[in-house]
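# Chains, contacts and geometry: an overview
Single-letter residue listing:
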Number of protein chains: 2
Amino acid sequence: MQLNKDGTINKFDRGRAKVRNHILDSSYAVISETLISNVSMLSLAKAAKVSRQTLYKYFDSIDDIIFALKKRLDEELLDDIIPVFGQSGLNGCEKCLNSIQKFFDLSHADPKKFVFLSRFGTSPTAREVSSFYETLFAKTVGTEQVILQGQRDGSIRKDLDPQMAAFSLVNSTVAIALRLVVTKPQIDFADHSLSSRDVEASFIEQVRRWISA
Amino acid sequence: MQLNKDGTINKFDRGRAKVRNHILDSSYAVISETLISNVSMLSLAKAAKVSRQTLYKYFDSIDDIIFALKKRLDEELLDDIIPVFGQSGLNGCEKCLNSIQKFFDLSHADPKKFVFLSRFGTSPTAREVSSFYETLFAKTVGTEQVILQGQRDGSIRKDLDPQMAAFSLVNSTVAIALRLVVTKPQIDFADHSLSSRDVEASFIEQVRRWISA
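Residues numbered from 1 in each chain as written. Chains lettered and ligands numbered in written order. Predicted model: local features only at pLDDT ≥ 70, side-chain atom pairs only at ≥ 80, totals over all residues. Heavy atoms only, no water.

### A word on the packing of helix H9 (residues 196-211) of chain A against helix H9 (residues 196-211) of chain B
Remark: H9(A) packs on H9(B), axes separated minimally by 8 Å, with the N-to-C direction vectors making an angle of 90°. One way to sum up the angle between H9(A) and H9(B) is to call them roughly perpendicular. Contacts between H9(A) and H9(B) involve Ser202(A), Phe203(A), Glu205(A), Gln206(A), Val207(A), Arg209(A) and Trp210(A) from the first element and Ser202(B), Phe203(B), Glu205(B), Gln206(B), Val207(B), Arg209(B) and Trp210(B) from the second. Considered class by class, the residues forming the contact of H9(A) with H9(B) number six nonpolar, four polar and four charged. (Axes fitted to C-alpha atoms, helices over the stretch in contact; angles between N-to-C directions. Helix = DSSP H or I, 4+ residues; strand = E, 2+ residues; numbered from the N terminus. Parallel < 35°, antiparallel > 145°, perpendicular 65-115°, else oblique. Contact = heavy atoms within 4.5 Å. Nonpolar A, V, L, I, M, F, W, Y, C, P; charged D, E, K, R; others polar.)

### Considerations on the interface of chain A and chain B
Taken together, the 43 residues of chain A in the interface contact 43 residues of chain B. Buried area between chain A and chain B, both sides added, is near 4,100 Å², and the carbon and sulfur share of it is 68%. A per-residue breakdown of the area chain A buries against chain B is headed by Phe167(A), Arg179(A) and Gln206(A), which together make up 16% of the total. Linking chain A with chain B are zero salt bridges. On inspection of chain A and its partner chain B, the count reaches four residue pairs in polar contact (both at pLDDT 80 or more). In terms of residues, the side of chain A that touches chain B owes the most to one element, helix H8 (residues 162-183) of chain A, which gives 15 residues. Tallied by class, residues from the side of chain A that touches chain B come to 21 nonpolar, 15 polar and seven charged. (Buried area = accessible area lost by both parts, 1.4 Å probe. Salt bridge = Lys/Arg side-chain N within 4 Å of Asp/Glu carboxyl O. Polar contact = N/O pair within 3.5 Å; in protein donor to acceptor, adjacent residues only side chain to side chain.)

### Thoughts on the packing of aromatic side chains
Residue and element names in this part refer to chain A. Using the criterion set out here, one finds ten aromatic pairs over all chains in the structure. Measuring from centroid to centroid gives 6.3 Å for Phe-104 and Phe-203, while their planes differ by 75°, and the two rings are edge-to-face. In this pair, Phe-104 sits in helix H5 (residues 92-109) while Phe-203 sits in helix H9, placing the two residues 99 residues apart along the sequence. Looking at Phe-104, the relative accessible area reads 0%, which means it is buried. (Phe/Tyr/Trp six-rings, centres within 6.5 Å; stacked < 30°, edge-to-face > 60°. Buried < 20%, exposed > 50% of the residue type's maximum accessible area, 1.4 Å probe, protein only.)

### Section: the domain arrangement of chain A
Many analyses report the size of an interface as the accessible area lost when the parts associate. Residues and elements named next belong to chain A. Parsing chain A into structural domains produces domain 1 (1-59) and domain 2 (70-211). Taking the mean C-alpha position of each, domain 1 and domain 2 sit 30 Å from one another. At the junction of the two partners, domain 1 supplies ten residues and domain 2 supplies seven residues. On the domain 1 side of the contact with domain 2, Tyr-28, Ile-31 and Ser-32 bury the most area, a combined 61% of that side's loss. Counting the contacts that link domain 1 with domain 2 gives one salt bridge. In this structure, Arg-72 engages Asp-25 in a salt bridge whose closest nitrogen and oxygen atoms are separated by 2.7 Å. There are five residue pairs in polar contact (both at pLDDT 80 or more) connecting domain 1 and domain 2. Here the residues of the side of domain 1 that touches domain 2 are counted per class, giving five nonpolar, three polar and two charged. (Domains from an automatic or database assignment.)

### A closer look at the side chain of Asn171(B)
One can find Asn171(B) in helix H8 (residues 162-183). Apart from the residues within four sequence positions on either side, Asn171(B) is in contact with Leu180(A), Pro185(A), Val199(A) and Leu136(B).

### A look at the relation of the copies chain A and chain B
Of the two same-sequence chains, chain A is brought onto chain B (RMSD 0.0 Å, axial shift 0.0 Å) by a rotation of 180°. Taken together, the turn and the small shift mark the pair as related by a two-fold rotation axis. (Least-squares fit on C-alpha atoms with pLDDT ≥ 70 in both.)

### Some details on the layout of surface pockets
Rolled over the atoms, a probe with the dimensions of a water molecule shows which regions are left empty. Here the second largest pocket defines a volume of roughly 840 Å³. Along the walls of the second largest pocket sit 43 residues, with Arg179(A), Asp74(B), Phe132(B), Lys139(B) and Val174(B) positioned nearest its centre. No other element matches the eleven residues that helix H7 (residues 126-153) of chain B contributes to the lining of the second largest pocket. Here the residues of the lining of the second largest pocket sort into 25 nonpolar, eleven polar and seven charged. (1 Å grid on protein atoms, 1.4 Å probe; cavity = no way out; pocket = protein on both sides within 12 Å on 5 of 7 lines; lining within 4 Å. Points joined across faces, edges and corners; volume = space filled by probe spheres on them.)

### With respect to helix H2 (residues 41-48) of chain B
Residues and elements named next belong to chain B. Buried within H2 we find Met-41, Leu-44, Ala-45 and Ala-48. Down the axis, H2 shows its buried residues gathered within 100° of arc, on one side only. Those residues of H2 that are buried lie in contact with helix H1 (11-32), helix H3 (52-58) and helix H4 (62-86). Of the residues flanking the end of H2, it is Lys-49, one or two places downstream, whose phi is positive at about 55°. (Arc of directions from axis to C-beta.)

### Points about H9(B)
A rise of 1.5 Å per residue sets the reference length of H9(B), with its 16 residues, at 22 Å; its end C-alpha atoms lie 23 Å apart and thus fit the reference within 8%. Every buried residue of H9(B) is accounted for by Ser196(B), Asp198(B), Val199(B), Glu200(B), Ser202(B), Phe203(B), Ile204(B), Gln206(B), Val207(B), Trp210(B) and Ile211(B). Among the structural elements, H8 and H9 of chain A together with helix H5 (92-109), H8 and strand S2 (193-195) of chain B are those in contact with the buried residues of H9(B). (Expected span 1.5 Å × (residues − 1).)

### Some points on the state of the cysteines
Counted according to the given criterion, the structure contains zero disulfides over all chains. In this structure Cys93(A) is a free cysteine whose sulfur lies 6.8 Å from that of Cys96(A), the closest cysteine sulfur available. (Disulfide = S-S within 2.5 Å.)

### Quick notes on the pattern of salt bridges
Applying the stated criterion across every chain, the model contains 18 salt bridges over all chains. Salt-bridge contacts for Lys113(B) lead to Glu76(B); the nearest nitrogen and oxygen are separated by 2.8 Å. Of this pair, Lys113(B) sits in helix H6 (residues 111-119) while Glu76(B) is found in helix H4, placing the two residues 37 residues apart along the sequence. Taking relative accessible area as the criterion, Lys113(B) reaches 10% and is therefore assigned buried. One salt-bridge network, in which partners are shared between bridges, spans Glu76(A), Asp110(A) and Lys113(A).

This is the structure:
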């Protein structure tokens, strides 16, 4: 991307980013509702109302589009979580638990996003693997910061390894959220029934007992 | 299936079960190593060295075969876990934690099985959904039993709801195990690195703190 002298994005690139986003929007809608074996570059071009040639100027293949979509969804989720880390008036333990709760809430607010990530989380290419590790690292460092804050403010126990705890919480939370959205577990007993929300509440209670000072 | 008067399985059905299992074995090998869009009933018949006609006597479609394979894998895993619940000389808390550890160990011993379950866990048919709930119920009840044992022997706190805890543990453990096998998370720091085993160990430690009396 080229910048103007004053640091703004130039018109040409702004136009390109707009078209690219438009293609991603319409591809997301198509891919979310279609078996992947029925999706073709032609059908994605048609959905975006652009020519095949134009589509190929932006993306090499369907895999390329899925990769870009996953990246965008991941970034959106991270953008939704970061404000929780910055909330004022909360101690580190509260922020840590709130960020997990927030992630679960996002999965209920927009299950489609999580189903998409889960569908295409299983066969990453080499490029995706390196992107996956980068994102994982960013998430882990964010969580590590609130754990360190909690150890300083006395809300999180000091003998917890902040890196290990952060790495574990990020992986477990994502794993649980994705699986619950996809499988919608439920068991009905005579007098009550259990569902995803119970798994999430139990997990948060577990984490509370694990990290609390 | 017809039984003989003495309660044994008759020869014809034994033969049928043998062929069915043989088809499942070879289909498992093919499907595990091929993009599903490249798998056909013909290729599965060829791999099993049976005619297409014979294959169709046993299974209606590829989905039907995948469903049967998932069921078989699920049953194998359950068979591997049940002995942990019956181990003598252990209290309920130890059995509960051991069963989670065992599940993680199985995922390291046979990752292919878990990758398979994860690949085909995302778009279940109506029939699969009801089978999923049955299996989930069976797993939950098994775990509930060891939690109740732990509450009787004093190793698990009495204010824990055994059904809710069991339901939560089963769902979280499966979610974490499947995702770790598929994504192989790893972060390298200057002096140490973190991997799946650390997530598993942290999760078990969390559960210990959550359920212990």
